[in-house]
Every structure is written in C-alpha cells, then in structure tokens.
Amino acid sequence: MKVELNLTTPPDQCSYLPDRESQTEFDMVSEMSAMEYQERLLAGWRHFGRHVFRPACSDCKECKSLRIPVRKFKPNRSQKRNQKLNREQVQLVITKPFLSDDVIELHDRFHIERAQKRGWDFKEPNDRFNYTIGFLDNPFEIEQWNYFLEGKLVGVGYVDALECGLSAIYFFHDTDHSKLGLGIWNVLRLIQECKKRKLPHLYLGYYVKGCQSLEYKASFQPTEVLRPREIGKTLQAKISVALRSFHTIQKVQKLEFVIA
C-alpha cells in the first residue's frame, strides 16, 4: 500500500444526522491491493475509488460498520415479495466498471430526486470527472452491477469482491420504478451472489440509526456490527496496517463484528 496523503476534515454538519457535527479521516492511496483493503474494511474503513476513509468524530459513534452473515440470513415477508416481483423481470449483468451516457444520466436523475425529496447535497450534472474518481479509478479491480428492466438500465451498483465477502460500495437506481424496491433487490442479489461464490459475509457499509437513507439496512437480519474491544497498551509496536493511525497512542483497539 502506498498512501500519498492522510488528512482529517474539520468539523462540519453531519450528512446523516444534521443536528450533529462530523469529521472524516481520509487516506488517498496510489497503490493498494484487495487484501490490504480487506484489512481496512475489517477495521471499519470504506473507499470510493482511491479515497479510503472512516468516521473520525470525537463525540459521536453512530456510524456502525454493518455486515450480513449470509448463511444465516432469512428474508422477511416484504423481502420475499420483493424477490417474487423482481426475480423474473429485472436482469443483472456484472461487468468491469464503465461509464456511458445511460449510466451518467441515471446517476444524475437519482441524485436530483434525492436532493429534492431528502435534502441531499446537489451534484453537478454530467460530472464525468468526479464520477471517474469516485467509481472508475480504483487501486484494485472492482465490479459494476447493471440492472435492466425490459432492456432499459434501471440500476447500477459498485461492488468489491474480497476473500471475506462482497462489499457494496454504492448503488443508484431509476426512481420512476420505486415500486420495484430496487435498492432492496440489489442487496438480496448480493446475498445470493455471496452464497453462490461461497463467501461468508455481505458488507453494507455504515448504518446510522435515525438516518432515513440508511434505515433499510436494519431490515436484513441477522446483521453484525463492528465494535471496538480494548486490548491494552502499546507505544510503537508493529501492528496491522488497518490500525496504522493508532501507532502513537497509549491504547489501541481490536475490532470485532458482533450480532446487532
């Protein structure tokens, strides 16, 4: 792994819980293997492209890394209806990441709808440069999941395929087909694909209780959340790269996933 820049953002209004302030620690990497990122993922980090990040809030710990043990997952009634609705009519094609007019148009329409109805930050339309930085330029190979309804692109997701499981990076969809529940269907397909590839877990990023856009993640049961477990004192011992930022403090934390 080669980290070109490490920084922590100054306190700003939290995009998940607007009544709180948030900070984020970023590593900008020029080189990073899938296995090196897996170590970071298991320590609570995420990535968009070459930007690897984690929450660094001093007074709030509501961002919880969430994963699903796929062999134990059992769909609820609503998820079973979603499966029945989408299984035959929505087709999935997995490719390498690419950008087309259809993809950027779908991305823009999704974010315009979310900005209008949920107060998300407005994104400049047809911003292919930032789209490439966020989704297409990655330090290791990732997957693009393309969903089609009657030949029309209706959903796009980006996925890390790691030894520990699949990790959902981001998903956007056609809000004109909201009745299909494409966000739920994407997670159900990810769970199915984990089982097919004999992978133990699906990683869903952060869950924040009280954030409308993330509440759906709690409907997949059982789930496991990452929590710290103190393991004593160390000053400078060589420890996992996932805990790189803790080298100079007295106490480090071991992280473990537990049933939510």
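Residues numbered from 1 in each chain as written. Predicted model: local features only at pLDDT ≥ 70, side-chain atom pairs only at ≥ 80, totals over all residues. Heavy atoms only, no water.

**Some thoughts on helix α5 (residues 182–196)**
Part 1: Counted at 1.5 Å a residue, the expected span for α5 with its 15 residues is 21 Å, and the 20 Å between its end C-alpha atoms agrees.
Part 2: Positive backbone phi, at 60°, marks Lys-198, one or two positions downstream of α5. (Helix = DSSP H or I, 4+ residues; strand = E, 2+ residues; numbered from the N terminus. Expected span 1.5 Å × (residues − 1).)

**A closer look at the environment of Ser-58**
Part 1: Its location among the elements puts Ser-58 in the loop between β6 (51–55) and β7 (64–69).
Part 2: Separated by 47 residues in the primary sequence, Ser-58 and Pro-11 have C-alpha atoms spaced 9.5 Å apart.

**Here's the deal with the environment of Ser-22**
Part 1: Within the fold, Ser-22 resides in strand β3 (residues 21–22).
Part 2: Linking Ser-22 and Cys-60, residues 38 residues apart in sequence, is a C-alpha distance of 8.0 Å.
Part 3: Excluding residues that lie within four positions of it along the chain, Ser-22 makes contacts with Pro-10, Pro-11, Asp-12, Gln-13, Cys-14 and Cys-57. (Contact = heavy atoms within 4.5 Å.)

**What to know about a positive patch on the surface**
Part 1: A surface patch of like charges, here positive, comprises Arg-71, Lys-74, Arg-77, Lys-80, Arg-81, Lys-195 and Lys-198.
Part 2: Top element by residues in the positive patch is helix α2 (residues 77–86). It accounts for three residues.
Part 3: Relative to the helices and strands, Lys-74 resides in the loop between β7 and α2.
Part 4: Taking relative accessible area as the criterion, Lys-74 reaches 65% and is therefore assigned exposed. (Patch = residues over 30% accessible without salt bridge, like charges linked within 9 Å, V, L, I, M, F, W, Y side chains within 5 Å. Areas by Shrake-Rupley, 256 points an atom, 1.4 Å probe, with all protein chains shown as cover. Salt bridge = Lys/Arg side-chain N within 4 Å of Asp/Glu carboxyl O. Lys, Arg positive; Asp, Glu negative; His and termini not counted. Charge placed at Lys NZ, Arg CZ, Asp CG, Glu CD. Buried < 20%, exposed > 50% of the residue type's maximum accessible area, 1.4 Å probe, protein only.)

**Brief notes about the side chain of Arg-46**
Part 1: Mapped onto the secondary structure, Arg-46 falls in strand β5 (residues 46–48).
Part 2: Asp-160 is the oppositely charged side chain nearest to the buried, salt-bridge-free Arg-46, at an N-O distance of 5.9 Å.
Part 3: At a separation of 2.3 Å, a polar atom in the side chain of Arg-46 contacts the main-chain carbonyl oxygen of Ala-168.
Part 4: Ignoring anything within four residues of it in the chain, the contact list for Arg-46 reads Tyr-37, Leu-41, His-51, Val-52, Phe-53, Ser-167, Ala-168, Ile-169, Tyr-203, Leu-204, Gly-205 and Tyr-206. (Polar contact = N/O pair within 3.5 Å; in protein donor to acceptor, adjacent residues only side chain to side chain.)

**Some words on the environment of Phe-53**
Part 1: The residue Phe-53 is located in strand β6 in this model.
Part 2: Take Phe-53: its relative accessible area is 14%, and that puts it in the buried class.
Part 3: Along the backbone, Phe-53 and Met-28 are 25 residues apart, and their C-alpha atoms lie at a distance of 8.6 Å.
Part 4: For Phe-53, the contacting residues outside a window of four places in its chain are Thr-24, Glu-25, Phe-26, Gly-44, Trp-45, Arg-46, His-47, Phe-48 and Tyr-206.

**Re the confidence of the model for the protein chain**
Part 1: Confidence in the prediction for the protein chain averages 89 pLDDT; 89% of positions are at 70 or higher.
Part 2: Note on residues 230–253: pLDDT under 50 across the span, and 40 contacts to partners over four residues away in sequence or across chains. (pLDDT = per-residue confidence, 0-100.)

**Overview of the packing of aromatic side chains**
Part 1: Following the criterion strictly, the structure yields 13 aromatic pairs and no others.
Part 2: When the centroid spacing of 6.4 Å and the interplanar angle of 80° are considered together, the rings of Tyr-131 and Phe-172 count as edge-to-face. Pair noted here: Tyr-131 is in helix α4 (residues 128–136) and Phe-172 is in strand β11 (residues 165–173), with a separation of 41 residues, a long-range link.
Part 3: Three or more aromatic residues joined by ring pairs make a cluster, and in this case those are Phe-26, Phe-48, Phe-53, Tyr-131, Phe-135, Tyr-158, Tyr-170 and Phe-172.
Part 4: Its guanidinium or amino end placed over the ring of Trp-45, Arg-40 lies 4.2 Å from that ring's centre, counting from NZ or CZ. (Phe/Tyr/Trp six-rings, centres within 6.5 Å; stacked < 30°, edge-to-face > 60°. Lys NZ or Arg CZ within 6 Å of the ring centre and 35° of its normal.)

**Brief notes about the sheet that holds strand β4 (residues 24–31)**
In sheet architecture, strand pairing relies on hydrogen bonds along the backbone and comes in two forms, parallel and antiparallel.
Part 1: Strand order across the open sheet formed by four strands is β1-β4-β6-β5, with antiparallel pairing between neighbours. The sheet terminates laterally at β1 (2–8) and β5, the two strands that pair on one side only. Put simply, the sheet's adjacent strands are angled 25° from each other on average, direction ignored.
Part 2: Inspection of the sheet shows β5 paired to β6 by three bridges, in the antiparallel sense. For His-47, the partnering residue across the bridge sits in β6 and is Val-52.
Part 3: Of the strands in this sheet, β1, β4, β5 and β6 are in contact with helix α1 (residues 34–41), which crosses β5 at around 130°. (Pairing = 2+ DSSP bridges. Axes fitted to C-alpha atoms, helices over the stretch in contact; angles between N-to-C directions.)

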